[in-house]
Amino acid sequence: MTTKKGRVFSGARPTGRQHLGNYLGAIKNYVALQADYECVYCIVDLHALTTLDEFENLRQNSAEMALDWLAAGIRPDETIMFVQSHVPQVTELHTILSMFTPLGKLTDLPTFKEKVAQHPHNVNYGLVGYPVLMTADITLYRAGIVPVGVDQASHLEFAREIVRTFNFRTKSQALVEPQMKNTEYPKVIGTDGVAKMSKSLNNDIELAATPDETQKKVMTMVTDPQRARRSDPGRPEVCNVFTLHKTFSPNQVGQIEVDCRSAAIGCVDCKKLLAKNINLDLEPFRARRAELAQDEDTVWDILHDGAARARQLADVTLNDVKAAVGLPQ
Ligand code: TRP
């Protein structure tokens, strides 16, 4: 551990089975970071509660996501992988940090305003505090680096400000100011060809889908809308099927581009080839996942073990934080 370059923390809400967008945008990067950093990856179930209106699936969604992480190559013996609510210290730190958070800063955040627009009837206290809980996640484990997409940049900046305020006002170094590490993967567009791939928009392709299901989904993908007839030349630069070929068909993509522009290949064949290549790429992942899924207890054992290790780190930080704010111990 001491040979690594520092500690990384990232969290993701338990959205159940992960899709290609999660994989390319986050999970692959989580896996790669393990080589150089001590990594802490968290399934943020408490954050999920801020917008949840049905609670039945939270447990199952956490387990499904953990399975995807493990199958993708997260190594739970070196990486701490756990469920947020299993480390209750985070809620204590959240409370303390909330006293250092000007309310107006939270309500001014664009992410908060978006959520209010999406859920006008569920603007709860926890939702306002979402970035404070996120700051508690990161600082509890003294993570120096947080790999997230640009949509989280304002939250990261917020976290950095809270840390600076806290350390300044308590004249301590109890909290570590995190750096954002942009995951730098272009937004993965869904099967509709316009919106970011997302489960809730039903425009996603699940990693754990069967080859047949994958093919069915790929065949529904929206291509160049100007290419009405098979004989029309295509424009790969506006086609999301082509974008995915760049990732999944690296050796064929040059030819596909030529054949699309000259209409030598039609969208149906182009999609069949993409489905085939996605299925080939995901074959080892799916085999590992199927094996792991046979015994869900093992997944929970891994998550509980991760939480036990996380709690040890958490206690150290929380003691320092309490001392810094003068709470009697
Ligand atoms: N807010 C993040 C999201 O919606 C999830 C998250 C919670 C997170 N806590 C975090 C991300 C800490 C990075 C670090 O995707």
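Computed from a predicted structure; not experimentally measured.

A. Highlighting the nonpolar core. Membership of the largest hydrophobic core comes to 51 residues, with the highest contact counts inside it found for L20, Y41, W69, L244, L274 and L303. With 8 residues, helix α3 (residues 58-72) is the largest single contributor of residues to this core. Inspection of this core shows a minimum of three residues originating in each of domain 1 (7-188 + 295-325) and domain 2 (211-290). Grouped together as the second largest cluster of nonpolar side chains are 40 residues, V40, F100, V146 and F158 included.

B. Region of the structure containing helix α14 (residues 296-325). Taking 1.5 Å of rise per residue, 30 residues should cover 44 Å, and α14 covers 42 Å from first to last C-alpha, within 8% of that figure. The complete set of buried residues in α14 reads V299, W300, I302, L303, G306, A307, A310, A314, T317, L318 and V321. Remark: G326 follows α14 within two positions and exhibits a positive phi of approximately 80 degrees.

C. Seen up close, the pattern of salt bridges. All told, the structure shown has 23 salt bridges when counted by the stated rule. For the salt bridge of K4 with E78, the shortest nitrogen-to-oxygen distance reads 3.0 Å. Placement of the pair is K4 in the segment before β1 (7-12) and E78 in the loop between α3 and β3 (80-83), with a sequence separation of 74 residues. The exposure class of E78 is partly exposed, given its relative accessible area of 24%. Close ionic contact of E64 with R289 constitutes a salt bridge, the shortest N to O distance being 2.7 Å.

D. Expanded view of the domain arrangement of the protein. By domain assignment, the protein separates into domain 1 (7-188 + 295-325) and domain 2 (211-290). Computed over C-alpha atoms, the centres of domain 1 and domain 2 are 34 Å apart. Taken together, the contact between domain 1 and domain 2 spans 11 residues of the former and 9 residues of the latter. For the pairing of domain 1 and domain 2, the buried interface totals around 880 Å² over both sides, and the portion due to carbon and sulfur atoms is 61%.

E. Local environment of the environment of Y41. Relative to the assigned elements, Y41 resides in strand β2 (residues 38-43). Between the alpha carbons of Y41 and I74 there is a distance of 9.1 Å; along the sequence they are 33 residues apart. Ignoring any residue separated from it by four or fewer positions in sequence, one finds Y41 in contact with V8, S10, N29, Y30, L33, W69, I74, T79, I80, M81 and F82. A distance of 2.7 Å separates a polar side-chain atom of Y41 from the backbone oxygen of Y30.

F. Structural view of the site of the ligand. Around the ligand sit 13 residues in total, of which R13, Y130, M134, D137 and Q152 are the nearest. Residue D137 places a side-chain N or O atom 2.7 Å away from a nitrogen atom belonging to the ligand. Take Q152: an N or O atom from its side chain is 3.0 Å from a nitrogen atom of the ligand. Bound to the protein, the ligand loses 92% of the 370 Å² it would expose on its own. Those elements giving two or more residues to the shell around the ligand turn out to be β1, α8 (130-140) and β4 (145-148). Per element, the largest residue contribution to the shell around the ligand is 4 residues, and it comes from α8.

Cut-offs applied
- Residues numbered from 1 in each chain as written.
- Predicted model: local features only at pLDDT ≥ 70, side-chain atom pairs only at ≥ 80, totals over all residues.
- Heavy atoms only, no water.
- Core = buried A, V, L, I, M, F, W, Y, C linked by side-chain atoms within 4.5 Å.
- Buried < 20%, exposed > 50% of the residue type's maximum accessible area, 1.4 Å probe, protein only.
- Helix = DSSP H or I, 4+ residues; strand = E, 2+ residues; numbered from the N terminus.
- Domains from an automatic or database assignment.
- Expected span 1.5 Å × (residues − 1).
- Salt bridge = Lys/Arg side-chain N within 4 Å of Asp/Glu carboxyl O.
- Contact = heavy atoms within 4.5 Å.
- Buried area = accessible area lost by both parts, 1.4 Å probe.
- Polar contact = N/O pair within 3.5 Å; in protein donor to acceptor, adjacent residues only side chain to side chain.
- Near = heavy atom within 4 Å.
- Areas by Shrake-Rupley, 256 points an atom, 1.4 Å probe, with all protein chains shown as cover.

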